[in-house]
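Observations on chain architecture
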Amino acid sequence: MEIRPLTAPTAGHRTGAEVCGITLSHPLSADDKARLNRAFVEHGVLAIRDQKLAPRQMADAVGNFGMLFQQHNTRFALPDCPEIHYLSNQDRFPDGRRYIPGEGWHTDHSNDVRPPKATALHAVTLPSRGGDTQFANMAAAYDGLPQQTQQRIADLMAIHVYQSSHSARKLMGLSDANRERVPNAVLHPLVRTHPENGRKSIYINPIRIEGILGLDHKEALPLLDELLEHATAECFQYRHVWRPGDLVIWDNRCLLHKANGDYDMAETRYLYRVMLQGDVPR
Ligand code: SIN
């Protein structure tokens, strides 16, 4: 197995590594599993090349990194393997508009008390060009903040909901059954410490954050915009150009990500998605 960084270091952090020479459809040796888990924490994004995984095999493969998390909107669950959801550009909102999953910077399911530590996607059908996934390294972005801003946000708590009323991106609605098990609102720190490497990260989510505890919107919204603009500067990014067979897994504790709906919508982009259980952000 070879693990190669995909970007140069920024503020002492690297984002993204590609992994070649491993087959995830078979059980891994203890050494390979430990190496992959170390690489995941070090690089934040792993692009594991040349896989061909059926849904159950993908669930088992990603299980090498942790316990599976029950995703919130079960309308996307695969009937034969509900732990795996699909992402497709062929879905539509009830009013007929096309739904592009994952557009706009976000971190997954931050409205959960214990948001998923990781998300993995496996490419099933890709457009002939475009549809990249961008990642922004929130630990590097935190280190790059002026000290004054670090101090200003150190103890702030953000209110996360399923769908922020400030978000330009609209999500597909939850069924009644899903709404019952998904929390209405949770508080998470604006700065969280990675439980495995101890690094601090900015923890924001434009799609889910409704406000900041103790600040009125006039103060909170410009602060969130300023943090987002800083954190998504190109120097903190890794942009993943998908190849057939890629399995990409990323660390939601220290990254934002976004999909790009920049390709011909007559072409299909269809991926399997699974998430792993995480901790309470601290
Ligand atoms: C996601 O936000 O989980 C999807 C990202 C993508 O489709 O590239």
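Residues numbered from 1 in each chain as written. Predicted model: local features only at pLDDT ≥ 70, side-chain atom pairs only at ≥ 80, totals over all residues. Heavy atoms only, no water.

One pass over the full model with this rule turns up twelve salt bridges. Note that D262 is salt-bridged to R239, the shortest N-O span being 3.9 Å. Of the two residues, D262 is situated in the loop between β16 (255-259) and β17 (270-276) and R239 in strand β14 (residues 237-240); the sequence distance between them amounts to 23 residues. Judged by its relative accessible area of 37%, R239 falls in the partly exposed class. Put simply, E2, R4, E18, R49 and D246 are held in one network by salt bridges that share partners. (Salt bridge = Lys/Arg side-chain N within 4 Å of Asp/Glu carboxyl O. Helix = DSSP H or I, 4+ residues; strand = E, 2+ residues; numbered from the N terminus. Buried < 20%, exposed > 50% of the residue type's maximum accessible area, 1.4 Å probe, protein only.)

Taking 1.5 Å per residue, 14 residues should reach 20 Å; helix α1 (residues 30-43) reaches 20 Å between its end C-alpha atoms and fits that length. Among all positions of α1, only L36, A39, F40, V41 and H43 are buried. Buried residues belonging to α1 abut β1 (2-5), β2 (17-20), β3 (45-48), β7 (118-125) and β15 (247-251). At the exit of α1 stands G44, carrying a positive phi of roughly 80°. (Expected span 1.5 Å × (residues − 1). Contact = heavy atoms within 4.5 Å.)

By size, the foremost hydrophobic cluster in this structure holds 37 residues, and its most contacted members are L46, M58 and I249. The set of elements that each furnish at least two residues to this core consists of β2, α1, β3, α2 (55-62), β6 (81-88), β7, β15 and β17. Each residue touching I249, except ones within four places of it in the same chain, is listed here: F40, G44, V45, L46, V62, F65, A118, T119, A120 and L276. Within the second largest apolar cluster, 24 residues are counted, among which are M138, L145, A158 and I204. (Core = buried A, V, L, I, M, F, W, Y, C linked by side-chain atoms within 4.5 Å.)

In this section: the sheet that holds strand β8 (residues 133-137). Taken in spatial order, the three strands make up an open sheet running β14-β8-β16, and their pairing is antiparallel. The open sheet terminates on both sides in strands that have one partner only, identified here as β14 and β16. Averaged over all pairs of adjacent strands, the angle between their axes in this sheet comes to 20°, without regard to strand direction. In this structure, β8 lies alongside β16, joined through five bridges in antiparallel fashion. Bridge assignment links T133 to a residue of β16, and that residue is A259. (Pairing = 2+ DSSP bridges. Axes fitted to C-alpha atoms, helices over the stretch in contact; angles between N-to-C directions.)

Let us now look at empty space enclosed by the protein. Overall, the coordinates contain three cavities of 30 Å³ or more when judged by the stated rule. The space that makes up the largest cavity amounts to roughly 350 Å³. Around the largest cavity sit 30 residues that line it, and L87, Y99, G102, R169 and R273 are the ones nearest its centre. Those elements that provide at least two residues to the lining of the largest cavity are β6, β7 and β16. Of the voids in this model, the second largest cavity is the one considered here, and its volume is about 100 Å³. Around the second largest cavity sit 15 residues that line it, and H13, N137, A139, R199 and C254 are the ones nearest its centre. Per-element accounting of the lining of the second largest cavity gives the leading share, three residues, to α1. Each residue belonging to the lining of the second largest cavity can be placed in one class, and the counts come to four nonpolar, eight polar and three charged. (1 Å grid on protein atoms, 1.4 Å probe; cavity = no way out; pocket = protein on both sides within 12 Å on 5 of 7 lines; lining within 4 Å. Points joined across faces, edges and corners; volume = space filled by probe spheres on them. Nonpolar A, V, L, I, M, F, W, Y, C, P; charged D, E, K, R; others polar.)

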